[in-house]
Amino acid sequence: DAGVTQSPTHLIKTRGQQVTLRCSPKSGHDTVSWYQQALGQGPQFIFQYYEEEERQRGNFPDRFSGHQFPNYSSELNVNALLLGDSALYLCASSYQTISGNTIYFGEGSWLTVV
Amino acid sequence: AQKITQTQPGMFVQEKEAVTLDCTYDTSDQSYGLFWYKQPSSGEMIFLIYQGSYDEQNATEGRYSLNFQKARKSANLVISASQLGDSAMYFCAMTQRGAGGSYIPTFGRGTSLIVHP
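Calculation notes
Residues numbered from 1 in each chain as written. Chains lettered and ligands numbered in written order. Predicted model: local features only at pLDDT ≥ 70, side-chain atom pairs only at ≥ 80, totals over all residues. Heavy atoms only, no water. Contact = heavy atoms within 4.5 Å. Buried area = accessible area lost by both parts, 1.4 Å probe. Salt bridge = Lys/Arg side-chain N within 4 Å of Asp/Glu carboxyl O. Polar contact = N/O pair within 3.5 Å; in protein donor to acceptor, adjacent residues only side chain to side chain. Helix = DSSP H or I, 4+ residues; strand = E, 2+ residues; numbered from the N terminus. Phe/Tyr/Trp six-rings, centres within 6.5 Å; stacked < 30°, edge-to-face > 60°. Buried < 20%, exposed > 50% of the residue type's maximum accessible area, 1.4 Å probe, protein only. Disulfide = S-S within 2.5 Å.

## With respect to the interface of chain B and chain A
Where interface size is quoted, it is often the accessible area lost as the parts come together. With 22 residues of chain B at the contact, the number on the chain A side is 23 residues. Between chain B and chain A, roughly 2000 Å² of surface is buried when both sides are summed, and carbon and sulfur atoms account for 53% of that area. Run the count over chain B and chain A and you get 0 salt bridges. Summed over the shared surface of chain B and chain A, the result is 3 residue pairs in polar contact (both at pLDDT 80 or more). Looking at the side of chain B that touches chain A, the elements that each hand over two or more residues are β5 (33–39) and β10 (88–95) of chain B. Looking at which element gives the most residues to the side of chain B that touches chain A, the answer is β5(B), with 3 residues.

Next comes the structure, spelled out in structure tokens:
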């Protein structure tokens, strides 16, 4: 049973460019959340997708957008990249249970903006 | 708003000894969940242990136990018999059921644990 998979694992972009990160959730999971983790910090919530819609959003600008596909996979898009967008981007998948304790993370995508 | 505080930026422990990583939280809700994750240098967040706010017993998972003190709003992680492979960042997180039934974990800043021989 594959866990959460993310691609690419590492990438380098130039300031002003656009980037797309991809996530495939764990089998049986229908909800995907994205996090940004800057160096030395804890993960910060970007947004969550469920049933192909953005259900909740953190404190991130509109440059950050996403999408969820019918197979529950998801993309994170960042436009007009800034140097400060350099971070580890983590995808988490879950299935909505009563206790909410079934949240699994991928290995992340390391984004460097130069 | 929820808040998670991890006051120990770094901890050192000798192999085979026990170590406690501190976590305090702030919430006005009665229903919430507390998690600990391990993050090695590869970046993946590895789930370790979960405690629900209504659970009366402290959670345990192998060498990991969660010392849950609800009145003090603390959820410390205890790792017994430390191993060299335990060296990593450790994050405490809390979830509450939000709009639309979603659970969004809020993370602390993490504690770096180094286990030395």
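## Points about the packing of aromatic side chains
The way to describe two aromatic rings as a pair is by their centre distance and the angle between their planes. Within this structure, the stated rule accounts for 14 aromatic pairs over all chains. On the numbers, 5.8 Å between centres and 65° between planes, the contact of Y35(A) with F45(A) is edge-to-face. Of the two residues, Y35(A) sits in strand β4 (residues 31–37) while F45(A) sits in strand β5 (residues 44–50), which places them 10 residues apart along the sequence. In this structure, Y35(A) and F45(A) share a single accessibility class: buried. Taking the centre distance of 5.3 Å and the plane angle of 85° together, the rings of F47(A) and Y49(A) count as edge-to-face. Put simply, the rings of Y35(A), F45(A), F105(A), F35(B), Y37(B), F47(B), Y50(B), F91(B) and F107(B) pair up and form one aromatic cluster.

## Observations regarding the state of the cysteines
Inspection of the entire model under this criterion finds 2 disulfides over all chains. C23(A) shares a disulfide with C91(A); S-S distance 1.8 Å. One quick way to see it: the torsion about the S-S bond of C23(A) and C91(A) is about -65°, and its sign makes the bridge left-handed. Of this pair, C23(A) sits in strand β3 (residues 19–24) while C91(A) is found in strand β9 (residues 87–94), placing the two residues 68 residues apart along the sequence. Taking relative accessible area as the criterion, C23(A) reaches 2% and is therefore assigned buried. A relative accessible area of 0% places C91(A) in the buried class. With its sulfur 2.0 Å from that of its partner, C23(B) forms a disulfide with C92(B). One quick way to see it: the torsion about the S-S bond of C23(B) and C92(B) is about -65°, and its sign makes the bridge left-handed. Of this pair, C23(B) sits in the loop between β3 (19–21) and β4 (24–26) while C92(B) sits in strand β10, placing them 69 residues apart in sequence.

## Description of the environment of A75(B)
All names here are of chain B. Within the secondary structure layout, A75 lies in strand β9 (residues 74–79). Among the residues examined, A75 registers a relative accessible area of 0% and is labelled buried. For the pair A75 and T20, spaced 55 residues apart in the sequence, the C-alpha separation amounts to 10 Å. For A75, the residues in contact, after removing those within four places along its chain, are C23, Y25, L34, W36, L66 and N67.

## Quick notes on the pattern of salt bridges
For the structure shown, the criterion picks out 5 salt bridges over all chains. With a shortest N-O distance of 2.9 Å, R63(A) and D85(A) are connected by a salt bridge. Of this pair, R63(A) sits in the loop between β6 (53–57) and β7 (64–68) while D85(A) sits in the loop between β8 (74–78) and β9, and the two are 22 residues apart along the sequence. The burial state of R63(A) is the same as that of D85(A); both residues are buried. One salt bridge connects D26(B) with K73(B), and the closest N-O pair in it is separated by 3.9 Å. In this pair, D26(B) sits in strand β4 while K73(B) sits in the loop between β8 (64–69) and β9, placing the two residues 47 residues apart along the sequence.

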